[in-house]
Amino acid sequence: MSEMTLLKALSAKVGANSLLVQAAGGNTSLKQDGVMWIKASGTWLQHAQERDIFVPVGIDPLLSALERDDPACETCTDFVRGDLNRLALRPSIETTVHASFAHKVVVHVHCIETISWAVRDDAEERLAERLSGFRWAFVPYRRPGLPLAREIRKRLKPDTDVLVLGNHGLVVAAETVAAAEDLLMRVVPPLRRLARPVPAHDLSALEDLAQASGYSPCADRVVHGLAVDTVSLIQARKGTLYPDHIVFLGAGIAVMEAGETPKLAAERIGRAGRPEPKLVVVPGKGVLLPSDATPAMHAMTRCLADVAQRLEPADPVRVLTLEDELALTNWDAEKYRQALPAA
Ligand SMILES: [Zn+2]
């Protein structure tokens, strides 16, 4: 079987595991004959076998552009090999992460277990205790695109094949698809954290509060942990933990106060200058999302619940700054990704 066939199979498998990838998050790539085939922006890894989701990018022109810090590296559209490209899609906004490795295969995931460490202020020290047998590096949070690529290039040694991206996720690299899968499967277990059980939520109270509000209670039981597990709520209300949250769900969460409607709770955050949250948490009751929420929004809500369930009360959680939040919501490449039809 060709490496591309194997990459598609691994992409679909990783993309179907919500503890590794949620919605259009995460991406994979394969370098062959001077071309890097990278997941297209806005497509879902889980569709890798049934749809064409890989875009060919010329490696040498991209690497020289990275070398001179060329703003064209923000979208990488200039480096798409038109002669090979069958899709009218852009390469992933994380194309430069993949190009920074010399390895043939790169897999980037928004692994829940990794994120639950990567959102800590002391992430690098805590991860060092768990990843001592790996050739790994920690990269502090930078906006995906050129700022992240610059930071990765500072920290990457020629033999580094595992990266943990602060407030973001995990990257593994190898010479073959099989070796990349093997490495991914070895890195995740030492990062596993205990997920607290989710107490029962109050569906009838939520339905009453949601009546004629344009919001609906989430169908996924685990998601309500954000409202009924005290520690999850304390940690999640601190702010936005990673980029895909703000991209799909706005800034952090809105915690509904007595006498408020869900919409007013969300607008209260928006009035403070942050991108209005979609996710409304009713403490002790459960979680509401807009009734027209997309599958991506539901997947990202589950992601936050899964991360928050693994955080302990004393965890020194680091959230994105207002500047980080606005850099993501005002970024052209992200606007393009969000504008793509929901899968
Ligand atoms: Zn990512």
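Higher on the page you've got the structure.
It should be emphasised that the depicted structure is a prediction, and the values quoted were computed from it without experimental measurement. (Residues numbered from 1 in each chain as written. Predicted model: local features only at pLDDT ≥ 70, side-chain atom pairs only at ≥ 80, totals over all residues. Heavy atoms only, no water.)

## Overview of the sheet that holds strand β5 (residues 136-139)
Okay, so step 1: Judged by pairing direction, the sheet is mixed, and its seven strands sit side by side in the order β3-β2-β1-β4-β7-β6-β5 without closing on themselves. The open sheet has two edge strands, β3 (54-58) and β5, and neither has a second partner. For this sheet, the mean inter-axis angle between neighbouring strands, taken without regard to orientation, is 20 degrees.
Okay, so step 2: Sheet topology note: the strand β4 (residues 105-109)/strand β7 (residues 169-174) ladder contains five bridges and is antiparallel. Considered in β7, the bridge of V107 is made with V172.
Okay, so step 3: Most of the contacts of helix α2 (residues 59-67) go to β3, to which it runs at about 65 degrees, and overall it touches β1 (27-32), β2 (35-39) and β3.
Okay, so step 4: Contacts from helix α6 (residues 146-155) reach β5 and β6 (162-165) within the one sheet, and its direction differs from that of β5 by about 145 degrees. (Pairing = 2+ DSSP bridges. Helix = DSSP H or I, 4+ residues; strand = E, 2+ residues; numbered from the N terminus. Axes fitted to C-alpha atoms, helices over the stretch in contact; angles between N-to-C directions. Contact = heavy atoms within 4.5 Å.)

## With respect to the nonpolar core
A general trend in soluble globular proteins is that nonpolar side chains are found buried together.
Okay, so step 1: Counting residues in hydrophobic clusters, the biggest one holds 42 residues, and the most contacted among them are L226, Y242, I253, L279, V281, V287 and L304.
Okay, so step 2: For this core, the secondary-structure elements that each account for two or more residues are α4 (112-118), α9 (225-228), α10 (230-236), α11 (243-249), β11 (286-290) and α13 (295-308).
Okay, so step 3: It is α13 that provides the largest number of residues to this core, a total of eight residues.
Okay, so step 4: Residues in contact with V281, not counting those within four places in the same chain, are L226, A227, L233, I253, A254, V255, M256, G286 and V287.
Okay, so step 5: Membership of the second largest hydrophobic core comes to 37 residues, among which are A123, L127, L131 and V162. (Core = buried A, V, L, I, M, F, W, Y, C linked by side-chain atoms within 4.5 Å. Buried < 20%, exposed > 50% of the residue type's maximum accessible area, 1.4 Å probe, protein only.)

## So, the coordination of the zinc ion
Okay, so step 1: Distances from the zinc ion to its protein donors, E94 (OE), H108 (NE2), H110 (NE2) and H168 (NE2), fall at 2.0 to 2.1 Å.
Okay, so step 2: Every donor counted, the four donor atoms about the zinc ion form angles of 84 to 151 degrees at the centre, which fits irregular coordination.
Okay, so step 3: Given the relative accessible area of 6%, H110 is considered buried.
Okay, so step 4: Looking at H168, the relative accessible area reads 3%, which means it is buried. (Donors = N, O, S within 2.8 Å, 3.2 Å for Na, K, Ca; no water. Tetrahedral: all angles 85-135°; square planar, octahedral: opposite > 155°, others 65-115°.)

## Remarks on the pattern of salt bridges
Okay, so step 1: By the definition in use, this model includes 28 salt bridges.
Okay, so step 2: A salt bridge links R150 to D69; the shortest N-O distance between them is 2.8 Å. Of the two residues, R150 sits in helix α6 while D69 sits in the loop between α2 and α3 (95-99), which places them 81 residues apart along the sequence.
Okay, so step 3: On the basis of relative accessible area, R150 is assigned to the partly exposed category, the value being 39%.
Okay, so step 4: D69 sits in the partly exposed class, given a relative accessible area of 34%.
Okay, so step 5: Taking the shortest distance from any N to any O, the salt bridge between R143 and E74 comes out at 2.7 Å. Linking R143 in the loop between β5 and α6 with E74 in the loop between α2 and α3, this pair joins segments that are 69 residues apart in sequence. (Salt bridge = Lys/Arg side-chain N within 4 Å of Asp/Glu carboxyl O.)

## What to know about the packing of aromatic side chains
Okay, so step 1: The tally for this structure, following the rule as stated, stands at zero aromatic pairs.
Okay, so step 2: Directly above the ring of W117 sits R193, whose terminal nitrogen or CZ lies 4.3 Å from the centroid. (Phe/Tyr/Trp six-rings, centres within 6.5 Å; stacked < 30°, edge-to-face > 60°. Lys NZ or Arg CZ within 6 Å of the ring centre and 35° of its normal.)

## Notes on the packing of helix α1 (residues 3-15) against helix α7 (residues 177-187)
In a packed pair of helices, the relevant descriptors are the angle between the two axes and the axis-to-axis distance.
Okay, so step 1: Between α1 and α7, the shortest axis-to-axis distance is 9 Å and the interhelical angle comes to 25 degrees. Here α1 lies roughly parallel to α7, going by the angle between them. On α7, the residues that touch E3, L6, L7, L10, K13 and V14 of α1 are V177, E181 and L184.
Okay, so step 2: Here the residues of the contact of α1 with α7 sort into six nonpolar, no polar and three charged. (Parallel < 35°, antiparallel > 145°, perpendicular 65-115°, else oblique. Nonpolar A, V, L, I, M, F, W, Y, C, P; charged D, E, K, R; others polar.)

## A short note on unusual backbone geometry
Okay, so step 1: Positive phi, close to 50 degrees, is recorded for N167, a residue that is not glycine.
Okay, so step 2: On the accessibility criterion, N167 (2% relative accessible area) is buried.
Okay, so step 3: Unlike most non-glycine residues, A212 shows phi in positive territory, near 55 degrees.
Okay, so step 4: As for its position among the elements, A212 is in the loop between α8 (203-210) and β8 (215-217).

## Regarding the pairing of β2
Okay, so step 1: Burial within β2 is extensive, with five of its five residues counted as buried.
Okay, so step 2: Bridge analysis of β1 against β2 gives four bridges, and the strand direction is antiparallel. Note on β2: the bridge partner recorded for K31 is M36.
Okay, so step 3: The turn linking β1 back onto β2 is made up of two residues, and D33 within it adopts a positive phi angle of 50 degrees.
Okay, so step 4: The pairing of β2 with β3 spans five bridges and is antiparallel. When the sheet's bridge partners are listed, K39 is paired in β3 with F54.

Take it as geometry only, folks, not as evidence of what the structure does.
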